[in-house]
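Structure assessment
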Amino acid sequence: MKKRHDGSNSNGELRQRAERQLVETAPVNVNEPQLKLVHELQVHQIELQMQNEALQEARTRTEQALLRYAELFDFAPLAYFTLSKEGRVQQTNFNGERLLGVERYKITGRHFANIVASEYRAVFNGFLEKVFANPGAQHCEIVLEPGGHTTWVTIEAIADSDRQTCLAAIVDISERKNNEQELQLAATVYLAIEEAIMVADTNHKIIAVNPAFTKLTGYSPAEAIGQTTSLLKSSRHDEAFFTEMWKQLNTTGQWLGEIWNQRKNGEEYLARLSISTVYADNGQEIRRVAMASDITEQRRAEELIHQQANIDPLTGLANRRMFLDRLRRAINKSHREHQKLALMFMDLDHFKDINDTLGHDVGDRLLKETTQRLMSCIRETDTLARPGGDEFTLIMSELHEMNSIDRVAQAVLRTMTAPFQLNDERCFVSVSIGIALYPDDAETMEELLKKADQAMYAAKDLGRSRFCYFTPAMQEAAEIRLRLTNDLRHALTDSQIWVAYQPIVDLATGEIKKAEALLRWRHPTRGLVSPSEFIPIAEDSGLINEIGSWVFHQVANQVAKWRVNYHSMFQISINKSPAQFHNNSDKMADWFEHLNRLGLPGGCIAVEITEGLLLDNSSIVADKLTAFKDAGVQTSLDDFGTGYSSLSYLKKYHIDFLKIDQAFVSNLLADSTDMALCEAIIAMAHVLGMKVIAEGVETAEQRDLLIKAGCDYGQGYLFSKAVTAEEFEKLFPVEKTESAARD
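This section reports on the structure supplied with the text. (Residues numbered from 1 in each chain as written. Predicted model: local features only at pLDDT ≥ 70, side-chain atom pairs only at ≥ 80, totals over all residues. Heavy atoms only, no water.)

**Concerning the sheet that holds strand β9 (residues 268-279)**
What the five strands build is an open sheet, ordered β7-β6-β10-β9-β8; its pairing is antiparallel. Either end of the sheet is taken by a strand with one partner, and the two such strands are β7 (206-209) and β8 (254-262). On average, adjacent strands in this sheet sit at an angle of 25° to one another, irrespective of strand direction. Where β9 lies against strand β10 (residues 285-294), nine bridges are found, and the strand directions are antiparallel. Looking at the pairing, A271 lines up with D294 of β10. Those strands touched by helix α9 (residues 239-252) are β8, β9 and β10, and its axis lies near 150° from that of β8. Of the strands in this sheet, β8, β9 and β10 are in contact with helix α10 (residues 296-310), which crosses β9 at around 120°. (Pairing = 2+ DSSP bridges. Helix = DSSP H or I, 4+ residues; strand = E, 2+ residues; numbered from the N terminus. Axes fitted to C-alpha atoms, helices over the stretch in contact; angles between N-to-C directions. Contact = heavy atoms within 4.5 Å.)

**Notes on the side chain of D656**
One can find D656 in the loop between α23 (647-652) and β24 (657-660). Of note is the side chain of D656, whose polar atom sits 2.8 Å from the backbone nitrogen of T635. Sequence-distant contacts of D656, that is, excluding residues within four places in its chain, are made with K629, Q634, T635, M690 and K691. (Polar contact = N/O pair within 3.5 Å; in protein donor to acceptor, adjacent residues only side chain to side chain.)

**Side note on the pairing of strand β22 (residues 605-610)**
Most of β22 sits out of view: five of its six residues are buried. Bridging between strand β21 (residues 571-575) and β22 involves four bridges; their strand directions are parallel. Of the residues in β22, the one forming a bridge with N575 is E608. As paired elements, β22 and strand β23 (residues 634-640) share five bridges and run parallel to each other. (Buried < 20%, exposed > 50% of the residue type's maximum accessible area, 1.4 Å probe, protein only.)

**A short note on the packing of aromatic side chains**
All told, the structure shown has 21 aromatic pairs when counted by the stated rule. Relative to F242, the ring of F241 has its centre 5.2 Å away and its plane inclined at 90°; by these criteria the two rings are edge-to-face. According to the relative accessible area criterion, F242 is buried, its value standing at 13%. Judged by centre distance (6.4 Å) and plane angle (65°), the rings of Y501 and F728 are edge-to-face. Taken together, the positions of Y501 in strand β18 (residues 497-506) and F728 in helix α27 (residues 725-729) put the pair 227 residues apart, joining distant regions of the chain. F728 matches Y501 in its accessibility class, with the two residues each being buried. Taken together, the aromatic side chains of Y501, W562, Y566, F570, F728 and F732 make up a single cluster linked through ring pairs. Lying across the ring of F420, R373 places its NZ or CZ 3.6 Å from the centre. It is K514 that lies over the ring of F657; its NZ or CZ is 4.0 Å from the centre. (Phe/Tyr/Trp six-rings, centres within 6.5 Å; stacked < 30°, edge-to-face > 60°. Lys NZ or Arg CZ within 6 Å of the ring centre and 35° of its normal.)

Laid out in structure tokens, this is it:
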């Protein structure tokens, strides 16, 4: 007989249990038919009760299982979503709610695609089709945009057996994606960056390089990887340099600096190098990453800019900018260390004359050789500079003995006495030195500069080719000069300045046909101030042009009067400063217009100039001299024979008068050297078509000797000192005055 598999076994067990329970509660005799039927009914009732209890127990277990499932679903560490075939959200858990940032009841029923970034919706829809079309789990990565923020997620979903819903597990992979993007960016930067990158292990073996490394060094990755980091080492640095580098690397994990490396072809280059150490989680060193860039050209450009800003290109010395910076630093150091400091101002004597006569190229060579001579005289700790022109400065710091100042100054004077051989010219140039001490003479840089300058000018005034220390008397003289400068600005308006006239006598006839206008200043408290004192002040301050114009108008008015009253060809000479010639604000056209208004020819005025002016190659000087000549104004060369006389200049500028300096006239004796010189000057002038005026004639003997030599005019105390216009008129002969009055 076949065994039944329809549950008869379990039913048999149930009946047995029911019968046992019935027997225990109410035992009966089942042999009687009626009792047997009751027994069967009772057993069946007990079976039904047992079945009901079993069903209730099963229902309870099912409910508990469902509750546990719901808890597992709701509190699962992943975001779970139950999606319909159309993609609507049927259910989600708390992590799903948290992932989207939206409450669950607001999500249910919505199309999941609505929270997918628009550019990924097609991907999601295709993914959902695969989930319901294929057995097993499906995967995809998309971007969600719930609540306006983006989130990268990965989705794994599997359809239920009925293929109507699916369960989707979603994981936030934003951090992973960001890391991937950062790694990708780092890789891109690593490959594209212009800085050379080299990665080495703890044994100093190169394990990676980027393309910029190859471009910089010439080594390909195959040639570099496996080599030690000393592959690029040059010969520029000693062991102490690398010892300090490794000390810092081992201490801080980093090093930043500049280093000379060597390319594959042997060429050395300057690199800006940074080295960083990479550590494992346990703090152990695992890598060192070096980044380098070639700064050779940059450094050359910086050095060039620095040189142009701080170095005199002609001599290679510090220029004014660097000199002032070095002086400021030296003063600060001397102040901190309570030491003395000496500042020397050195100015070449008569350098301008060489520049003008031999040209600027020769002048530049002279400055270069002067620099070499000065460098041989100074100490290693001194700073020699050329602020400009023919000026040199010397900073002597850390002075332990004051005698060293004298030794350097004397050495400079001594070395400058040797002749300079410049091309085919042999020149002699001396130097005047002014010295000021810190803190003895000044406590500030500005004061120290000013006092060294004053001392230098004092050396020039004492005869040049010497050195002078600053003294309080120099400061007093400078203050007097400053006060005179301020007073001179008001002298014209306050009528303190007036014009004196000294007669120039025709030696052959004794007539006064000419005069020289001389400027005088009667100061309200100092009385008469010498022209030799205030004219240089007027030139330096620029007042000379205003004063010169005023003098011209005074003289023009005066010569107009004397031509009418005394002599129709009378002429007055005016001294014109070189500073006036070099200043474009000097309006000569106004002078000529004023003469026209007075009805005077240009010949009524003679302009007296110095020899030094003729040596100036400036077009301004030449143009002004030509303008005077064209206007009929005559030119007189003052103090002839004391400077750098040149016949070519006399011929070039068509000089009308030569004035023999009083230095030759004052000691004039028959058969003397001065007499021979005067005769030579007179003879030369006459050959060139010029007249001669002798200055400083004080005795009749001098006058007679000059007449004998053929001199045309004489000027000096023998005839008259410079006097006012009123007193000058008394020098004219009475008959001339009366004749002019009758006319």
